[in-house]
Amino acid sequence: MKKDNRKIQRRYKQGCAVIDDAFKADSKVVFIRIDLYYRDNKSSLDKINKDLNKLNVNSHTKPTIFKDCINYITKLEKGDNDNYHAHALFTFKGHNVRNHKYKAEQIGKYWQDSITKGDGCYYNCNTEKYDKYYLGTIHRNDTEAINSLKENVLNYLCKDEQSIKNNDGSDKKIKEFRCSAVAKKNK
């Protein structure tokens, strides 16, 4: 098996664990998918890493937006134009969050205005265009929706295209795929 395939499979397994863990927290889970990037080519690897770290940390400490957030997945990529961007999937308690499109807008505006101080942009994937991929509210018994979410949205986040390679010759690892912690199974 090729190394890249193992990396994709490892990401997929981690992502499935995050999704499955969300359904342990609530029987209805809201899935928010958002693309995060920068305007005017103002991205660098250091900048997006700092901004993603701040967003991930704040997802635990910013109650006005993230109060009912269960967990998240982010995938960092470098586009053809050498600009860095990220794809993110957030899960929220579905019994408390009713409007997934509005919640995605809140996160996007927070990225744009607070995290990046106006340098950032976002695309809200929780629009009608993506409804067939079962974003929004999913009940834990809806296996068709969960499987579609994993096959379409999670697979996209796990892909290896647009991977980031070290151009400085160092062996420093770049954390492209980030997940919140998953509860450990009791033995």
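## Some thoughts on the overall build of the chain
Right, so step 1: Across its full length, the chain carries five helices and six strands.
Right, so step 2: With 187 residues in all, the chain has 50% of them scored as buried.
Right, so step 3: Of the contacts made within the chain by residues no fewer than 6 positions apart, 72% connect residues no fewer than 24 positions apart.
Right, so step 4: Split by element, the accessible area of the chain, about 10,300 Å² in all, is 46% carbon and sulfur.

## Here's the deal with the packing of aromatic side chains
Right, so step 1: For the structure on display, the rule yields six aromatic pairs.
Right, so step 2: An angle of 50 degrees between the planes, with centres 5.8 Å apart, marks the rings of F23 and F31 as tilted.
Right, so step 3: On the basis of an interplanar angle of 15 degrees and a centroid distance of 6.5 Å, the ring pair of F66 and F92 is categorised as stacked. Highlighted residues: F66 in helix 3 (residues 63–66) and F92 in strand 3 (residues 84–93), separated in sequence by 26 residues. Residue F66 shares its accessibility class with F92, and that shared class is buried.
Right, so step 4: Chaining the aromatic ring pairs together yields one cluster made of F66, Y72, F90, F92 and Y110.
Right, so step 5: Geometry around Y156 places K159 over its ring, the cationic atom sitting 4.6 Å from the centre.

## Section: the confidence of the model for the chain
Right, so step 1: Taken over all residues, the pLDDT of the chain has a mean of 85, while the share at 70 or more is 86%.
Right, so step 2: Strand 1 (residues 28–38) holds the highest mean pLDDT among the elements of the chain, 96, whereas helix 2 (residues 45–61) holds the lowest, 86.

## Side note on the packing of helix 2 against helix 4 (residues 100–115)
Right, so step 1: Between helix 2 and helix 4, the least distance of the axes is 11 Å, while the angle of their chain directions is 120 degrees. Taken together, the axes of helix 2 and helix 4 are oblique relative to one another. Helix-helix and strand crossings are classified by hand; for helix 2 and helix 4 the assignment is right-handed. In this structure, helix 2 contributes I48, D51, L52, K54, L55 and N58 to the contact, and helix 4 contributes Y110, W111, S114 and I115.
Right, so step 2: When the residues that make up the contact of helix 2 with helix 4 are grouped by side-chain class, the tally is six nonpolar, two polar and two charged.

## Overview of the side chain of D51
Right, so step 1: Relative to the elements of secondary structure, D51 occurs in helix 2.
Right, so step 2: On the accessibility criterion, D51 (8% relative accessible area) is buried.
Right, so step 3: Those residues in contact with D51 that sit more than four places away from it in its chain are Y38, W111, I115 and T116.

Criteria and cut-off values
- Residues numbered from 1 in each chain as written.
- Predicted model: local features only at pLDDT ≥ 70, side-chain atom pairs only at ≥ 80, totals over all residues.
- Heavy atoms only, no water.
- Helix = DSSP H or I, 4+ residues; strand = E, 2+ residues; numbered from the N terminus.
- Buried < 20%, exposed > 50% of the residue type's maximum accessible area, 1.4 Å probe, protein only.
- Contact = heavy atoms within 4.5 Å.
- Areas by Shrake-Rupley, 256 points an atom, 1.4 Å probe, with all protein chains shown as cover.
- Phe/Tyr/Trp six-rings, centres within 6.5 Å; stacked < 30°, edge-to-face > 60°.
- Lys NZ or Arg CZ within 6 Å of the ring centre and 35° of its normal.
- pLDDT = per-residue confidence, 0-100.
- Axes fitted to C-alpha atoms, helices over the stretch in contact; angles between N-to-C directions.
- Parallel < 35°, antiparallel > 145°, perpendicular 65-115°, else oblique.
- Left-handed = near helix turned anticlockwise from the far one by under 90°.
- Nonpolar A, V, L, I, M, F, W, Y, C, P; charged D, E, K, R; others polar.

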